[in-house]
Structures are given as structure tokens and as C-alpha cells.
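Residues per chain, in single letters:
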Amino acid sequence: MNKKHLIKASTFLIFLTLALNPVTSLTQAQSGEYIAAFNGRMSDTQIVRNQVISIYATIVNFGDLTIKVQSLKVDFVHLGGNIRLNSTYTQNFDVDHYKLEPGASLTGTIRTEITNAEADYNVTIYFWAVDEYHPHPEIGAFGKKYIAAENITVSIVDYGGPSNVIIGIGIAFAVAVVGVIVFILYGWIRDKLKKRKY
């Protein structure tokens, strides 16, 4: 067995081990013949706005060429269709120095503050890597999306949002008004009681 076949067989066995391991979550894995992305996950899917969370995914090079992994990305797409609320969080890799050798794998991590507006989102986690295995005849190899997980429903709540601030100001104002009324009534009753004594 030559070296290329040994590398392919060993990486395939690693992939199978991960896929058949009940502890490992291979959610919505995508394979592009030689490159596979899988195990995309988030540390939390019920998120308080401005909370810092961690997002993970793994990419494996099953072929015999070296590929460049440019970034790990996470798309938040608003479930109600409001594209203004969509956003993408990105962890860029050093393309000049980070290369995925044949048989190697990379687990990328994004640790970021989630600043989306309060709503429900459909989340996709994916790598952007140069596809050396299927180059364009004229322009050569180009970047391609390798999806590690998709259709993850995420809810974002905002406990410190403007609506709660307004409610808090309104409650404080109401308490102040009630306090003034009670103070005036107390003074008026006290004056009446003093006049009765004389």
C-alpha cells in the first residue's frame, strides 16, 4: 500500500470513528469528495443579546493535495425574512501560513459577542476554503463553502433592551408620583389633626 492510499484510508477511518461515536455530534455534515466539514455546533442556542458564545466546526482534507482554509463563518438569517437583521460572524485564518495538508483536520473556533437584534434566526456554520481538487479551467482554484452544520434555530432575547428601559423609567416615575401624593396627604392629615387639638 503506497503512502497516498494509507493517508486516505487513515483519514477515512478517523471520519468513520467520529461519525459512529455516539458522543460526537456530526450535524448536517457536508462532503465535497476530498474535503469534508462536519460537527458544527454552538455553546448555546438560547442567547441573551451581547452574550459571548463559542462556535465550533471541523474540516478534514481526505485528498492528496494541500488546501488553504481561509475562514470559519457563521450566518445568522432572520426567520421572519427581515434581511436587515441578518449577520455573519467570521474567524479568518492566516492563509499564508495555515494550510491543511493531506490527511489533516482542523477544528476552528469562533468566540464572539452576539449583537443581533432580539429575534429567532436560522444559523449555518461553514468553512471557506480553496478547492484545489476542482479548479476552474481558466482561473484555477477558487474558494468554496463547506457546510459543517445548518438549520440550527437560535433565539436571541434582549433583557436590557430599550423597551425594558422605558418600562423601568415609567415604574420609577409612577413610584415618585405616588410618593409625592402620599407625602401631601400625610401633611394635610397632620395639619387637620393639629387644628382639632386646639
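Look a little higher up for the structure.
Let me begin by describing the structure that accompanies this report. Small disclaimer: the values here were computed from a predicted structure and weren't measured. Numbering of residues starts from 1 in each chain and follows the order in which that chain's sequence is written. Given that this is a predicted model, residues contribute local features only at a pLDDT of at least 70 and side-chain atom pairs are listed and counted only at 80 or more, while totals for whole chains, interfaces and linings are drawn from all residues. Side-chain metrics rest on all non-hydrogen atoms present in the structure, leaving aside hydrogens and water.

**A closer look at the pattern of salt bridges**
Put simply, the test is: The rule for a salt bridge is simple: a side-chain nitrogen of Lys or Arg has to be within 4 Å of a carboxyl oxygen of Asp or Glu. Strands are runs of DSSP state E lasting at least two residues, helices are runs of H or I lasting at least four, and both sets are numbered from the N terminus onward. Here's how the labels work: a residue is buried when its accessible area is under 20% of the maximum for its type, exposed when over 50%, partly exposed in between, all with a 1.4 Å probe on protein chains only.
The full count for this structure, using the stated rule, is one salt bridge. Between Asp158 and Arg49 there is a salt bridge, with its nearest N and O atoms 3.6 Å apart. Here Arg49 lies in the loop between strand S3 (46-48) and strand S4 (52-61) and Asp158 lies in the loop between strand S10 (140-157) and helix H2 (162-197), a separation of 109 residues in the sequence. Classification of Asp158 as buried rests on a relative accessible area of 15%. For Arg49, a relative accessible area of 30% puts it in the partly exposed group.

**Side note on the environment of Arg41**
Selection rule: Should any heavy atoms of two residues lie within 4.5 Å, those residues are counted as being in contact. Two N or O atoms form a polar contact when they lie within 3.5 Å of each other; inside protein one atom must be a possible hydrogen donor and the other a possible acceptor, and for residues adjacent in sequence the pair counts only when both atoms belong to side chains.
Within the fold, Arg41 resides in strand S2 (residues 35-42). Look at Arg41 and you get partly exposed, because its relative accessible area is 32%. Taking the C-alpha atoms as reference, Arg41 lies 9.8 Å from Thr58; in sequence the two are 17 residues apart. Beyond its immediate sequence surroundings of up to four residues, Arg41 is in contact with Ser54, Ile55, Tyr56 and Ile125. In this structure the side chain of Arg41 is engaged in a polar contact, spanning 3.0 Å, whose partner is the backbone oxygen of Asn39.

**Quick word on the pairing of strand S5 (residues 67-78)**
This is how the line gets drawn: We call two strands paired when DSSP finds no fewer than two bridges between them.
With two bridges joining them, S5 and strand S7 (residues 99-100) adopt antiparallel strand pairing. Its bridge partner being in S7, Ile67 is matched across the sheet by Leu100. Alignment of S5 against strand S9 (residues 119-136), held across nine bridges, turns out to be antiparallel. In the strand pairing of S9, Ser71 is matched with Trp128. Of the pairings in the sheet, the one linking S5 to strand S6 (residues 87-92) comprises six bridges and is antiparallel in character. In the strand pairing of S6, Asp75 is matched with Thr88.

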